[in-house]
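# Coordinates in review
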Amino acid sequence: MIRRTATLLGAAVLALAPTATAATPATAATPPDAAAAAPTNAAAAVAAPSSPEERAAALARPAIVFVSVTWHGWVRDKRTGEVFGGTEGFEVKTSCSGAVVTPDGHVATASHCVHTGPLGGGGALFAAAVAELAKVGRVRDEAKARRDFAEHGQAEGAVPDSPIHRAIQVERMEAKGSEQVRDIAPATVVDLVAPEDGDVAVLKIPRDHLPSMEIRDDQTPVGTPILAIGYPGSASAAVDPSLEPSSKNGQISARRTQQGRPFYEFSAAATHGMSGGPVVDMDGGIVGLVSQGSPGETQSFNFAASSQTLTDVLKGKEITADIGDHDRDYRTGLDRYFEGDYDSAVEYFDAVLAGSPGHQQASEYRKLAADRGGKPSGPPTMLIVFAVLCAGIAIATATAGTAVLLTRRKRLAAAATPSLATPGGGFATPNPATPNPATPGGGFATPSPATPGGGFATPGPATPGGGFATPTPGGGFVAPQPATPSSGFASGPGLSAPPAPATPPHPATPATPPHPATPAGGFAPAGVPASEAITDKVTAHDVLPVVLGGQPQHHGEPDPEQTERRHDPLRQDQPDEQPDDGRTEVQPGTPLPGQPRPDQPHDGDQAHEGGEHKGP
Amino acid sequence: MSDSPRPPGRPAVVVLFSVAAAALLGASALTAVAIADGGPAGGDPVAVGDRPSPTPRTPTSRAAGLPMCIVGTWRTVEDSLTLKFYTDADPIPFSGGGRRYEFRPDGTATEFQENWTLTGNYQGNELRLVGNGNTEFTWTANDKQITYKARTKTTVKYDSYDQRGLIGTTPQEVKADLNEVDDYTCQGNQFVEQNAANGYRSVWVRVEGAGVYG
């Protein structure tokens, strides 16, 4: 993850420098192998797709298959009985494209590619007969002749009226090591709707763990960018035969219906051979299947059978069209690759190759990712390592903090004087009924006699060295801190004897404003004006949290008004509540009147350690 | 002033707990990310099952039909034959053209003669043979020879002319055992038939009519 984040950051930086990135991404028309051969700065380059079409093509290509059908039969003119095809009959080979829609070998294509009727294989045989008749001069107009046969002809097998023979093969390229091999599988027709009634067929090939494509089963809006992918027949005539599909970009031009079945008109070029190939959106989902062109129109006026028809056919056969885990891994791997996260990409492509052996594109992109520095160890491992590391740090520091805290408390307890001065206002005691005014409501007591209501008291200026329960002016966690000159840990010659509290040990009510906290003589250190000391302390400590996990204050929940009212008394107390670093300078001041409570400091610690009370 | 050891500073505790909290948050966040980014869904190698290959088609055949080239409609553009015009003279070579044939794929055919005229010469005199009528016959052929099996029906009559004018009319006869075998070649729109035994040769061209599509 760290590496990925780093690479993403790198990508972001590179994105700001177009000159640095312009040469690196593969273009939409560049196949992965070509991209691999292109000189790139493997260390710095991010293989972001140059266009959405490139990503869509990369997502779709693995599932594109070449569908070839060998038809065999004779053609009979039903009017004359003349049979064409001789003794051996005609053998015609047609080619289409298709897309694997389930990993276990279901292939979607156009039904006219596999249908035996005049628009399918029968038509192919008719065409063969027409071609043969043309050679002997028995055809004036071939198109019209084909129409004649479509109307009056019969394609049949060896026996009159028997079906013609159809051998469907689905071909795809597979990676075997560093080589690419052509896998040819026989296919059977699972179901189809006639070409004029939807033009969708589903085939089955005896293969599993195949790369497959998602089917978009909603209506695709007009204007949606699409790619028509397939194998144009003319391409193999122009270049060396291969199974590299062509991707033609365009968009959905219109939604049409034919015999009530939805079709899409799209603007991408599509030629013979691309029939049955998928029309995909930019997320690689099948929008439709290339169906037919419009006679007399340009190549950019084509129709695609709707994916909804395909979905219907699949449902009719109770086939669940769902891609496999390896397909999801491939998509993720591609995304990681395009993001520049080559380690993760390699990991995902490895998973793809494990789940779909021979996955050509995964093999190609894995090589590209590896060439760009990707290694199989993936980010999740790093994440786990870092998570464990952080957890260890958390435990260690929490343990250390607790240890320090306990050590500190023990030391404070050991040095504390066993008395607690309770302010006269009685607000310092959270629970008046509790004989130990220093015990907070919860079990996480602080040395201070009063625990703030929020349980997360801030060290206030009035805290005499303990620093756990403090009055915070204006805050919701104000612990009405009595003017305790010592919470039991203050040491010094002047405090060796318990000072008298400013108020009687049992305060009247918590609601009483803490005005009486100020003893007659105040606590201002000798030589320091009370007002100055107050100012300094408040500034230094009014926001520091000192209690973690404290309990809410149950009594005397201060309201803002009370908090405001406490300012003055606190400030008056503050000179005695010196912070740690100034504690040695604290002057004992005037001892407070009242009876000492030797157990009060202990109560605080005990409560802090579990709420056990040893006091009366 | 205090004689007791100074407790650890509060800031240290705060820092420690803060670090602990931060590390805990970090660990939680990383764990969450690791869970969310759980790695590849697959990964376990799968066994590749049987991968059948296409099997070749079982050969089938059908009885040979009549040559499709012959089927159709033809018109003779060149007829050459030797006929015995006079009973007391040797056969005389004639030539002409204009017959029309319709060869059907069921092995039947019709010959149409509409003033089909053959001309010859005997001792400086022009001879003419004019045929009119239709002939139904059956035929078969292989790739080299055509056999006229039987003349099943005919309305053809031949009128013979010499320098004297019409000298006779001869009706054609039905002949079930015709079995006339001629050599032929058929290429495209041209059919050439000949019989070396009787000097017959005929060149046909395909014309509009039955057997032509489109």
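To be clear, the structure that these remarks concern was listed above.
Conventions adopted
Residues numbered from 1 in each chain as written. Chains lettered and ligands numbered in written order. Predicted model: local features only at pLDDT ≥ 70, side-chain atom pairs only at ≥ 80, totals over all residues. Heavy atoms only, no water. Helix = DSSP H or I, 4+ residues; strand = E, 2+ residues; numbered from the N terminus. Buried < 20%, exposed > 50% of the residue type's maximum accessible area, 1.4 Å probe, protein only. Contact = heavy atoms within 4.5 Å. Areas by Shrake-Rupley, 256 points an atom, 1.4 Å probe, with all protein chains shown as cover. Expected span 1.5 Å × (residues − 1). Polar contact = N/O pair within 3.5 Å; in protein donor to acceptor, adjacent residues only side chain to side chain. Disulfide = S-S within 2.5 Å. Phe/Tyr/Trp six-rings, centres within 6.5 Å; stacked < 30°, edge-to-face > 60°. Lys NZ or Arg CZ within 6 Å of the ring centre and 35° of its normal. Axes fitted to C-alpha atoms, helices over the stretch in contact; angles between N-to-C directions. Parallel < 35°, antiparallel > 145°, perpendicular 65-115°, else oblique. Left-handed = near helix turned anticlockwise from the far one by under 90°. Nonpolar A, V, L, I, M, F, W, Y, C, P; charged D, E, K, R; others polar. Pairing = 2+ DSSP bridges. Buried area = accessible area lost by both parts, 1.4 Å probe. Salt bridge = Lys/Arg side-chain N within 4 Å of Asp/Glu carboxyl O. Core = buried A, V, L, I, M, F, W, Y, C linked by side-chain atoms within 4.5 Å.

## Comments concerning the overall build of chain B
Regarding its fold elements, chain B presents one helix and 11 strands. Across chain B, helices and strands are ordered from the amino to the carboxyl terminus as α-β-β-β-β-β-β-β-β-β-β-β. Across the 214 residues that make up chain B, the buried fraction comes to 38%. Contacts in chain B between residues far apart in sequence, at least 24 positions, make up 55% of those at least 6 positions apart. Split by element, the accessible area of chain B, about 11,600 Å² in all, is 52% carbon and sulfur.

## Side note on helix α11 (residues 360–371) of chain A
The terminal C-alpha atoms of α11(A), which comprises 12 residues, lie 16 Å apart, in line with the 16 Å expected from a rise of 1.5 Å per residue. Among the residues of α11(A), Q360(A), Q361(A), A362(A), E364(A), Y365(A), L368(A) and A369(A) are the ones counted as buried.

## A few points about the side chain of S111(A)
Residue and element names in this part refer to chain A. Structurally, the position occupied by S111 is in the loop between β4 (106–109) and α5 (121–135). Judged by its relative accessible area of 0%, S111 is buried. Looking at S111, its side chain comes within polar contact range of the main-chain oxygen of V193, at 2.7 Å. Those residues in contact with S111 that lie beyond four places of it in its chain are L192, V193, A194, P195, D199, V200 and A201.

## A few points about the state of the cysteines
Residue and element names in this part refer to chain A. On inspection of all chains with the given rule, the structure shows two disulfides over all chains. Disulfide pairing is shown between C96 and C113; the S-S distance is 2.0 Å. The S-S bond linking C96 to C113 shows a torsion near -95°; that makes this disulfide left-handed. Taken together, the residues span a long stretch of sequence, with C96 in strand β3 (residues 90–102) and C113 in the loop between β4 and α5 at a distance of 17 residues.

## Regarding the packing of aromatic side chains
With the rule as written, the count across this model stands at 27 aromatic pairs over all chains. Where F126(A) meets F149(A), the ring centres are 5.9 Å apart and the plane angle is 20°; that geometry is what we call stacked. With a gap of 23 residues between them, F126(A) in helix α5 and F149(A) in helix α6 (residues 142–152) connect regions that are remote in the sequence. The exposure classification of F126(A) matches that of F149(A), with both residues buried. When the ring of Y101(B) is compared with that of F103(B), the centres are 5.5 Å apart and the planes differ by 40°; the resulting orientation is tilted. You can call Y101(B) buried: its relative accessible area is 4%. The buried category is assigned to F103(B), whose relative accessible area is 2%. These aromatic residues form a ring-pair network of at least three members: W74(B), Y101(B), F103(B), F137(B), W139(B), Y148(B), Y184(B), F191(B) and W204(B). Over the ring of F112(B) we find R100(B), and its NZ or CZ is 4.4 Å from the ring centre. We note R128(B) situated over the ring of Y161(B); from NZ or CZ to the ring centre the distance is 4.4 Å.

## A short note on the packing of α5(A) against α6(A)
Residues and elements named next belong to chain A. Look at α5 against α6: their axes get within 9 Å of each other, and the N-to-C directions meet at 130°. One element, α5, and the other, α6, form an angle in the oblique class. Along this stretch, α5 crosses α6, giving a crossing that reads as right-handed. Contacts from F126, A127, V130, L133 and A134 of α5 reach α6 at E142, A145, R146, F149 and A150. A breakdown of the residues in the contact of α5 with α6 according to their chemical character gives eight nonpolar, no polar and two charged.

## Thoughts on the pairing of strand β1 (residues 64–77) of chain A
Residue and element names in this part refer to chain A. With 14 of 14 residues buried, β1 lies mostly within the body of the structure. In β1, alternate side chains face the same way, and those of I64, F66, S68, T70, H72, W74 and R76 on one face and V65, V67, V69, W71, G73, V75 and D77 on the other are all buried. Direction of pairing for β1 relative to β3: antiparallel, over a ladder of 10 bridges. Residue pairing across strands places T70 opposite K93, the latter belonging to β3. Note: β1 against strand β6 (residues 165–176), seven bridges, orientation antiparallel.

## Concerning the packing of helix α9 (residues 325–339) of chain A against helix α10 (residues 342–355) of chain A
Each pair of packed helices gets described by two things: the angle between the helix axes and the distance between those axes. Residues and elements named next belong to chain A. Where α9 meets α10, the axes come as close as 8 Å, and the angle between the chain directions of the two elements is 160°. Classified by the angle between their axes, α9 and α10 sit roughly antiparallel to one another. Note that α9 runs across α10; the crossing there is left-handed. Counted together, H326, D329, Y330, T332, G333, L334, R336 and Y337 of α9 and Y342, S344, A345, Y348, F349, A351, V352 and G355 of α10 form the full contact between these two elements. Taken together, the residues of the contact of α9 with α10 sort by class into nine nonpolar, five polar and two charged.

## With respect to the interface of chain B and chain A
Tallying the contact residues gives 59 residues for chain B and 86 residues for chain A. Across the interface of chain B and chain A, roughly 6,000 Å² is buried in total on both sides, 62% from carbon and sulfur atoms. Among the residues chain B hides against chain A, the three largest losses belong to R10(B), R62(B) and Y213(B). Together they make up 17% of the total. Along the contact surface separating chain B from chain A lie five salt bridges. With its nearest N and O atoms 2.7 Å apart, the salt bridge here joins E208(B) to R140(A). In this assembly, chain B and chain A are joined by 17 residue pairs in polar contact (both at pLDDT 80 or more). Per element, the largest residue contribution to the side of chain B that touches chain A is 15 residues, and it comes from helix α1 (residues 10–36) of chain B. For the side of chain B that touches chain A, the class distribution of residues is 32 nonpolar, 16 polar and 11 charged.

## Here's the deal with the pattern of salt bridges
Per the stated rule, a full pass over the model turns up 34 salt bridges over all chains. In this structure, the salt-bridge partner of R61(A) is E364(A), at a minimum N-O distance of 3.8 Å. Taken together, the residues span a long stretch of sequence, with R61(A) in the loop between α4 (52–60) and β1 and E364(A) in helix α11 at a distance of 303 residues. Each member of the pair, R61(A) as well as E364(A), is classed as buried. When the shortest N-O distance is used, the salt bridge between D162(B) and R164(B) registers 2.5 Å. Taking the relative accessible area as the measure of exposure, D162(B) reaches 7% and is therefore buried.

## Quick word on the nonpolar core
The biggest cluster of nonpolar side chains holds 98 residues, and the ones touching the most others in it are F84(A), F103(B), W139(B) and I146(B). Contact partners of I146(B), with chain neighbours within four places excluded, come to I70(B), F103(B), W139(B), T140(B), A141(B), E180(B), V181(B), D182(B), Y184(B), F191(B) and E193(B). In this structure, A58(A), V352(A), Y365(A) and L368(A) belong to the second largest nonpolar core, which totals 15 residues.

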